[in-house]
Number of protein chains: 4
Amino acid sequence: MVARADANAADRAARRTSAVTHAGICGTDRHIYEWDAWSRSRVKLGITTGHEFVGRVVAIGSAVTRAAVGQRVSAEGHIGCGICQPCRTGNGHICEKVDILGIDTDGCFAQYVAVPEENIWPVHPDIPDHLAAIFDPLGNAMHTVMAAGVSGRSVLITGVGIIGLMAVSIAHAAGAAKILVTDLDPKRLALAKTLGADEAFAANDDTWPLKARELTHHQGPEVLLEMSGHPKAIRQGFAALRNGGTAALLGLPAEPVALDLPNDIIFKGATVLGINGRKMFETWYQVENFLLSGRLNIDPIVTHRLPMAEFERGFQLMQSGEGIKIVLEMPGL
Amino acid sequence: MVARADANAADRAARRTSAVTHAGICGTDRHIYEWDAWSRSRVKLGITTGHEFVGRVVAIGSAVTRAAVGQRVSAEGHIGCGICQPCRTGNGHICEKVDILGIDTDGCFAQYVAVPEENIWPVHPDIPDHLAAIFDPLGNAMHTVMAAGVSGRSVLITGVGIIGLMAVSIAHAAGAAKILVTDLDPKRLALAKTLGADEAFAANDDTWPLKARELTHHQGPEVLLEMSGHPKAIRQGFAALRNGGTAALLGLPAEPVALDLPNDIIFKGATVLGINGRKMFETWYQVENFLLSGRLNIDPIVTHRLPMAEFERGFQLMQSGEGIKIVLEMPGL
Amino acid sequence: MVARADANAADRAARRTSAVTHAGICGTDRHIYEWDAWSRSRVKLGITTGHEFVGRVVAIGSAVTRAAVGQRVSAEGHIGCGICQPCRTGNGHICEKVDILGIDTDGCFAQYVAVPEENIWPVHPDIPDHLAAIFDPLGNAMHTVMAAGVSGRSVLITGVGIIGLMAVSIAHAAGAAKILVTDLDPKRLALAKTLGADEAFAANDDTWPLKARELTHHQGPEVLLEMSGHPKAIRQGFAALRNGGTAALLGLPAEPVALDLPNDIIFKGATVLGINGRKMFETWYQVENFLLSGRLNIDPIVTHRLPMAEFERGFQLMQSGEGIKIVLEMPGL
Amino acid sequence: MVARADANAADRAARRTSAVTHAGICGTDRHIYEWDAWSRSRVKLGITTGHEFVGRVVAIGSAVTRAAVGQRVSAEGHIGCGICQPCRTGNGHICEKVDILGIDTDGCFAQYVAVPEENIWPVHPDIPDHLAAIFDPLGNAMHTVMAAGVSGRSVLITGVGIIGLMAVSIAHAAGAAKILVTDLDPKRLALAKTLGADEAFAANDDTWPLKARELTHHQGPEVLLEMSGHPKAIRQGFAALRNGGTAALLGLPAEPVALDLPNDIIFKGATVLGINGRKMFETWYQVENFLLSGRLNIDPIVTHRLPMAEFERGFQLMQSGEGIKIVLEMPGL
């Protein structure tokens with residue numbers, strides 16, 4: 001696992017190389033590990049996977065001006081084309097030609113990774129490595145929470161997997177007045193309550209929407225953060241949403257979802273936000289601010305820190321449900 | 001057709017009565033006229049229908065302080081409960097207990113109509129009767145256009161029925177940089193071009209999304225105003241929408257619509273707005289401002305002005321497609 | 001101190017009377033008590049003062065439909081004209097003809113007070129009387145904090161009098177990442193830290209702007225909440241504000257303030273918000289939500305609860321600085 | 001006048017050189033030409049001035065990937081540091097370390113100019129050279145208009161110099177319902193009316209604020225675009241602004257301005273926006289969209305197009321008031 005050199009000189013000149021010290025395993029990595037239908041259709045054979053990491057700069061391209069060897073850095077894994085309208089207006093995460101680190105270009109499950117200097121994120125010294133390594137999923141959760149706006153509002157989070165749990169912590173730190181969550185896994189529901197959820201519902205108990213309504217002034221939650229990707233959860237979430245409420249969609253359903261548009265969105269005067277990646281780099285400044293404030297509790301979500309060589313065990317812990325966020329560590333770094 | 005008195009004294013005290021001089025026929029009125037499945041399930045037998053009108057105040061309740069006999073007025077047809085959170089925060093249009101004039105309470109296809117004083121809209125003297133009578137649908141179109149935000153942006157309007165055509169005029173006056181429309185009716189497509197559309201596509205020509213993309217810097221329109229309610233148009237509209245774009249949904253599909261949420265909304269980072277009624281009364285102030293500016297061309301959409309007694313012909317003109325917006329006039333008023 | 005009857009029948013019909021059980025003393029009331037230059041120019045002789053209260057409805061006008069005898073209520077003290085654009089778009093607090101309870105019409109330092117039903121606020125049963133009585137200043141603080149937007153941002157509050165202290169608590173509950181405050185009074189600075197301020201600066205130590213900058217990533221705070229009304233604090237606050245930051249102004253300077261517009265606002269790309277009263281009633285729903293969430297700590301700000309008869313002692317406690325927010329209670333209610 | 005080479009290799013590698021074909025003269029350039037107090041304190045001796053231009057790429061640095069020799073380009077003159085929070089969140093125009101082309105680094109009154117590739121703007125082939133050369137001031141005007149939001153609103157523009165006149169055209173294209181302007185120069189007032197102003201007031205006639213109020217539903221304009229920098233105009237503009245209105249400040253007063261904050265901003269619930277430069281590159285996409293829409297009338301503002309060698313005459317035309325926007329052209333290019 002060594003980072004490959006780029007063929008193009010100008011391109012290479014603008015890149016730098018980092019030695020990876022810590023890497024997070026994403027749900028996407030698990031899809032690739034299991035080589036499921038999506039992975040077979042999307043991921044190039046031979047690519048080095050992995051896109052969540054922290055490391056140290058060990059070499060820089062000849063034109064690099066914004067970094068120095070020795071810096072502790074993470075990097076944004078969305079590599080935009082740099083010349084389209086989204087890229088030039090702070091929306092590189094929705095560039096139509098975006099490359100994803102670890103999917104389209106070689107990623108961080110390796111000793112070294114090379115990324116463009118625009119994507120480098122210098123890590124604040126007060127942020128520990130196991131959190132610096134997972135700014136990517138923290139950023140997804142932050143983007144969702146901040147786009148919806150939770151301050152003083154009641155929030156329903158459908159699905160508390162890795163990012164859903166992060167969203168619970170973030171919504172709590174960001175001033176949500178009430179947090180309700182749903183999931184099938186009792187352990188994750190319990191963890192969500194530890195992180196600040198006021199109520200946790202078993203997703204297969206069809207009375208939860210009624211209870212959620214009761215707990216929100218009999219009007220339903222003002223904000224829906226959809227993090228499950230399950231069609232039923234999406235439909236129940238929309239049905240529960242208060243008139244005038246905001247739904248932010250992050251979870252990816254595997255199939256088309258039939259929505260009752262008049263009742264779920266139109267009559268309700270709802271706002272629906274599609275959430276993809278992170279605002280570069282507004283979202284990561286928010287993550288940094290919240291982490292440094294001491295108000296954001298993420299540690300309980302990082303259930304395991306393993307040596308990089310035990311990556312197989314890491315995937316197995318995810319598959320069994322015993323692990324939530326797994327961080328791999330390079331020994332001696 | 002005479003307005004019925006209210007039984008409750010306090011309620012009556014807060015109402016006033018208007019003599020109707022002009023009334024518009026809404027698509028909803030046509031549904032009721034045809035007594036379709038929706039009407040049979042929703043409209044109370046014996047109700048006086050109609051909700052678009054202008055008239056003069058002929059009597060006021062004993063507690064009325066905000067109007068006077070003789071005033072020329074229209075009225076907002078959403079009658080909120082007045083005590084819920086939406087009603088008390090300027091969002092009475094999404095009150096869960098809202099009554100709709102002409103559906104839940106007696107409407108304006110009558111000599112007189114009684115409405116709460118909160119709903120009365122004094123009409124500016126420079127606005128002619130045939131436009132004052134249709135602030136309701138003009139407001140729906142305005143609400144959609146202004147919620148999406150069109151100034152300097154490329155706009156796709158799927159469906160140019162009455163409200164879609166109004167949206168063309170409004171988007172043009174509001175500074176849209178490019179307006180594309182789709183519909184099945186060639187006459188309406190032609191009228192849309194007269195009102196400011198840059199390009200008009202036959203909805204059944206499946207090459208239009210490609211052409212729309214070409215015409216919008218090869219990125220797709222920045223704004224979708226969905227006014228057809230047709231599942232296919234909704235899906236095509238979402239597919240055409242630019243990454244980071246805004247879709248405002250007004251048209252009401254009669255059935256669930258299966259959406260490809262990842263590609264249509266989530267990866268795209270799209271914003272979707274459900275549009276119901278009007279912002280009370282922000283939207284009508286916008287209508288008034290635009291009409292008084294002389295920049296808003298609505299007259300060509302009002303194809304027929306008939307005596308109130310010929311209302312059956314009005315409905316037939318709508319059914320045949322010969323008429324678009326029909327305004328009924330009370331003779332001698 | 002008895003509420004006076006209104007002369008106009010229609011007006012009376014739309015009003016109700018409340019028996020006051022608890023009333024807060026506002027800084028404005030102290031100005032009137034001291035009969036200073038502003039009071040002499042603004043307040044009508046003979047008016048019953050006071051505008052912060054909670055009570056029970058004891059009588060309702062004949063046209064009142066939205067309240068019932070026995071309800072526990074507070075009321076919004078901005079009584080708009082009801083017919084202007086601000087009033088009809090949810091902005092009654094900036095109606096040009098607004099009447100203020102206790103200044104323009106008889107207020108709540110009395111056994112009874114009469115207010116229009118539109119202004120009545122039913123109090124949630126879980127909110128105690130001493131907090132229900134002070135929704136008015138809590139609302140001013142909430143309006144300022146929520147208009148600026150503090151979630152995840154660094155906040156500077158210049159002046160921690162009554163409303164400044166409330167703003168500290170609210171900013172903390174609303175998810176501010178860092179809170180800095182300035183004031184001359186060491187006791188209030190200490191209380192601010194108890195309520196969630198990370199750092200409290202003596203306003204007369206001119207090194208505080210430098211320290212504030214150091215504590216905010218060497219860029220200055222992202223949000224300024226100006227609550228002192230002192231020209232020097234206003235100028236220092238603007239100078240400290242980060243490029244691209246937001247300043248919300250609530251404090252009222254007694255004289256014109258000379259601003260360095262290019263450096264303080266224009267080059268900085270700053271946003272400045274004038275804050276007047278509360279958004280009716282969005283702000284009070286926010287206050288209610290935060291109070292019910294259990295995350296908002298207001299009790300330490302209510303330093304004294306006195307029998308209504310001891311109102312003179314209440315004013316003296318304010319004047320000496322010993323008291324902060326004083327709530328007067330009607331014995332036996 | 002030849003562009004100077006940069007000393008630093010890495011820096012040079014990331015730059016490209018353009019041959020200037022057309023350059024606009026900015027008011028700032030006139031200040032420098034007159035070598036006034038501001039220029040003496042701010043501009044380095046020996047710098048090549050000028051920052052508005054269009055040209056063709058004649059050479060690129062070794063690491064440049066986003067441009068090619070032969071491209072027709074303009075460039076954004078704000079050269080941010082690239083690593084601070086504003087630069088990394090789409091707000092490089094308010095970078096604390098920003099360099100300005102033609103002030104801090106050699107500018108475009110020359111045969112060649114070198115700019116970083118991030119700043120290059122490829123010009124759409126349908127946009128003519130004399131407009132492509134002035135995207136900088138057009139962008140200032142666009143930024144001001146779009147930040148304030150004019151669609152359907154009444155707009156007051158105090159000061160119709162170059163950028164104020166551009167703002168008239170843009171506000172008209174962007175859907176303003178009414179445009180009022182003030183200035184001392186009758187010729188510019190007349191031109192403003194040609195460009196879309198509904199009313200033009202002599203700034204020294206102190207009755208204009210009353211007339212402006214009459215023309216805006218007796219409430220004052222909803223939007224103030226301050227483009228004069230004159231203290232009196234600023235104060236009159238704020239006084240005229242409607243309650244709840246928005247003021248965008250672009251003009252730079254030479255001295256502190258004493259504002260009546262309670263009446264001008266706070267009680268009014270006003271929003272004040274400091275406008276600096278352009279949003280990179282959102283603003284220029286807006287300029288491009290509006291220009292390509294055919295709805296934006298800028299040509300009458302470009303009063304003179306002169307050979308580059310006649311630049312002294314260009315400055316004299318500005319000084320005499322005979323010229324408004326002067327564009328210099330390189331013969332044979």
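You'll find the structure just up there.
Residues numbered from 1 in each chain as written. Chains lettered and ligands numbered in written order. Predicted model: local features only at pLDDT ≥ 70, side-chain atom pairs only at ≥ 80, totals over all residues. Heavy atoms only, no water.

The next subject is unusual backbone geometry. Cis geometry marks the peptide bond from B:Met280 to B:Phe281; its omega dihedral reads 0 degrees. The topology assignment puts B:Phe281 in the loop between strand S14 (271-274) and helix H12 (282-292). In this model, B:His217 sits at a positive phi of 55 degrees, which is unusual for a non-glycine residue. Mapping B:His217 onto the fold places it in the loop between helix H9 (208-214) and strand S11 (223-226). Classification of B:His217 by relative accessible area gives partly exposed; the value is 31%. Of note in this structure, D:His218 is not a glycine but carries a positive phi near 60 degrees. Examined against the element boundaries, D:His218 turns out to sit in the loop between helix H9 (208-214) and strand S11 (223-226). (Helix = DSSP H or I, 4+ residues; strand = E, 2+ residues; numbered from the N terminus. Buried < 20%, exposed > 50% of the residue type's maximum accessible area, 1.4 Å probe, protein only.)

Superposition of the two copies of the chain requires a rotation about an axis and a shift along the axis. With an RMSD of 0.0 Å, the operation that places chain B on chain A is a rotation of 180 degrees combined with a shift of 0.0 Å along the axis. Seen this way, the second copy is the image of the first under a two-fold rotation axis. Closest approach to the rotation axis among the C-alpha atoms of chain B is made by B:Ala258, whose C-alpha sits 1.9 Å away. (Least-squares fit on C-alpha atoms with pLDDT ≥ 70 in both.)

The subject of this paragraph is the packing of helix H6 (residues 135-148) of chain D against helix H12 (residues 282-293) of chain D. All names here are of chain D. Two elements in contact, H6 and H12, have axes separated by 9 Å at closest approach and are oriented at 95 degrees. With respect to H12, the axis of H6 lies roughly perpendicular. Contacts from Phe135, Asp136, Leu138, Gly139, Met142, His143 and Met146 of H6 reach H12 at Thr283, Trp284, Gln286, Val287, Glu288, Phe290 and Leu291. Here the residues of the contact of H6 with H12 are counted per class, giving eight nonpolar, four polar and two charged. (Axes fitted to C-alpha atoms, helices over the stretch in contact; angles between N-to-C directions. Parallel < 35°, antiparallel > 145°, perpendicular 65-115°, else oblique. Contact = heavy atoms within 4.5 Å. Nonpolar A, V, L, I, M, F, W, Y, C, P; charged D, E, K, R; others polar.)

Moving on to the interface of chain B and chain C. Contacts between the two partners involve 25 residues from chain B and, on the opposite side, 25 residues from chain C. Around 1,800 Å² of area is buried between chain B and chain C when both sides are counted, 51% of it from carbon and sulfur atoms. There are two salt bridges connecting chain B and chain C. Applying the counting criterion to the chain B and chain C interface returns 10 residue pairs in polar contact (both at pLDDT 80 or more). (Buried area = accessible area lost by both parts, 1.4 Å probe. Salt bridge = Lys/Arg side-chain N within 4 Å of Asp/Glu carboxyl O. Polar contact = N/O pair within 3.5 Å; in protein donor to acceptor, adjacent residues only side chain to side chain.)

The next subject is the packing of helix H6 (residues 135-148) of chain A against helix H7 (residues 162-173) of chain A. Residues and elements named next belong to chain A. The contact between H6 and H7 brings their axes to 9 Å, and the two run at 55 degrees. Between H6 and H7, the angle is such that the two are oblique. Judged by the twist between their axes, the crossing of H6 over H7 is right-handed. On H7, the residues touching Pro137, Leu138, Asn140, Ala141, Met142 and Val145 of H6 are Ile163, Met166, Ala167, Ile170 and Ala171. Of the residues in the contact of H6 with H7, the class split is 10 nonpolar, one polar and no charged. (Left-handed = near helix turned anticlockwise from the far one by under 90°.)

Take the interface of chain B and chain A next. Taken together, the contacts link 35 residues of chain B with 35 residues of chain A. Across the chain B/chain A interface, buried area totals approximately 2,800 Å², and carbon plus sulfur atoms make up 60% of it. Counting across the chain B and chain A interface gives two salt bridges. In this structure, B:Glu96 engages A:Arg213 in a salt bridge whose closest nitrogen and oxygen atoms are separated by 2.7 Å. At the boundary of chain B and chain A, one finds 13 residue pairs in polar contact (both at pLDDT 80 or more). The set of elements that each furnish at least two residues to the side of chain B that touches chain A consists of helix H4 (85-88), strand S13 (257-259), helix H11 (261-266) and S14 of chain B.

Turning our eyes to something else, we now look at the environment of C:Asp185. Residue and element names in this part refer to chain C. Relative to the assigned elements, aspartate 185 resides in the loop between strand S9 (178-183) and helix H8 (186-195). Here the alpha-carbon distance between aspartate 185 and threonine 65, two residues 120 residues apart in the chain, equals 48 Å. Polar contacts involving the side chain of aspartate 185 include one to the main-chain amide nitrogen of lysine 187, which spans 2.8 Å.

Further remarks concern the pairing of strand S15 (residues 302-307) of chain B. In this structure, S15(B) lies alongside strand S16 (residues 325-329) of chain B, joined through five bridges in parallel fashion. By the bridge assignment, B:Arg305 is partnered in S16(B) with B:Val327. (Pairing = 2+ DSSP bridges.)

With that settled, consider the nonpolar core. All names here are of chain C. Ile157, Val168, Val181 and Leu225 are the most contacted members of the largest nonpolar core, which has 78 residues in total. The biggest single contributor to this core is helix H7 (residues 162-173), with nine residues. Setting aside its immediate chain neighbours within four residues, leucine 225 contacts Thr144, Val145, Ala148, Val155, Leu156, Ile157, Thr158, Ala167 and Ala248. (Core = buried A, V, L, I, M, F, W, Y, C linked by side-chain atoms within 4.5 Å.)

Our next topic: the environment of B:Lys193. All names here are of chain B. Within the secondary structure layout, lysine 193 lies in helix H8 (residues 186-195). With 25 residues separating them along the chain, lysine 193 and valine 168 place their C-alpha atoms 8.6 Å apart. Apart from the residues within four sequence positions on either side, lysine 193 is in contact with Asp198, Glu199 and Ala200.

It is worth spelling out the packing of aromatic side chains at this point. In the structure shown here, the tally under the stated rule is 32 aromatic pairs over all chains. Measuring from centroid to centroid gives 6.3 Å for A:Trp121 and A:Phe135, while their planes differ by 40 degrees, and the two rings are tilted. One end of the pair, A:Trp121, is in strand S7 (residues 120-122); the other, A:Phe135, is in helix H6, with 14 residues separating them in the sequence. The exposure classification of A:Trp121 matches that of A:Phe135, with both residues buried. When the centroid spacing of 5.7 Å and the interplanar angle of 80 degrees are considered together, the rings of A:Trp121 and A:Trp284 count as edge-to-face. Of the two residues, A:Trp121 is situated in strand S7 and A:Trp284 in helix H12 (residues 282-293); the sequence distance between them amounts to 163 residues. We classify A:Trp284 as buried; its relative accessible area is 1%. One aromatic cluster is present, built from ring pairs that chain together A:Trp121, A:Phe135, A:Phe281, A:Trp284 and A:Tyr285. The ring centre of D:Phe281 lies 4.1 Å from the NZ or CZ of A:Arg88, which sits over that ring. (Phe/Tyr/Trp six-rings, centres within 6.5 Å; stacked < 30°, edge-to-face > 60°. Lys NZ or Arg CZ within 6 Å of the ring centre and 35° of its normal.)

Let us look at the pattern of salt bridges. Applying the stated criterion across every chain yields a total of 60 salt bridges over all chains. Here A:Arg188 and A:Asp185 are joined by a salt bridge, their closest N and O atoms 3.4 Å apart. Residue classification places A:Arg188 among the buried residues on the basis of a relative accessible area of 13%. For A:Asp185, a relative accessible area of 22% corresponds to the partly exposed category. Between D:Arg313 and D:Glu310 there is a salt bridge; the shortest N-O distance is 3.1 Å. Given a relative accessible area of 41%, D:Arg313 falls into the partly exposed group. Judged by relative accessible area, which is 32%, D:Glu310 ranks as partly exposed.

Here 12 strands make up an open sheet; going across it, the order is S10(C)-S9(C)-S8(C)-S11(C)-S12(C)-S14(C)-S14(D)-S12(D)-S11(D)-S8(D)-S9(D)-S10(D) and the pairing mixed. Each end of this open sheet is capped by a strand with a single partner; those strands are strand S10 (199-202) of chain C together with strand S10 (199-202) of chain D. Pairwise comparison of adjacent strand axes, ignoring direction, gives a mean angle of 15 degrees for this sheet. Here S11(D) runs beside strand S12 (residues 246-249) of chain D; their pairing, made up of four bridges, is parallel.

On to the state of the cysteines. Residue and element names in this part refer to chain A. Tallied over the entire structure, the rule returns zero disulfides over all chains. Unpaired in this structure, cysteine 81 has its nearest cysteine sulfur neighbour in cysteine 84, at a distance of 3.6 Å. With a relative accessible area of 26%, cysteine 81 lands in the partly exposed category. Just so you know, cysteine 87 is unpaired, no disulfide at all, and the nearest cysteine sulfur is the one on cysteine 84, 3.8 Å from it. (Disulfide = S-S within 2.5 Å.)

Strand order across the open sheet formed by 12 strands is S10(A)-S9(A)-S8(A)-S11(A)-S12(A)-S14(A)-S14(B)-S12(B)-S11(B)-S8(B)-S9(B)-S10(B), with mixed pairing between neighbours. Each end of this open sheet is capped by a strand with a single partner; those strands are strand S10 (199-202) of chain A together with strand S10 (199-202) of chain B. Pairwise comparison of adjacent strand axes, ignoring direction, gives a mean angle of 15 degrees for this sheet. Examined bridge by bridge, strand S8 (residues 154-158) of chain B and S11(B) share four bridges and lie parallel to one another. Bridge pairing links B:Val155 to B:Val223 in S11(B). Together, strand S8 (154-158), strand S9 (178-183) and strand S11 (223-226) of chain A form the strand contacts of H7(A), whose direction differs from that of S9(A) by roughly 175 degrees.

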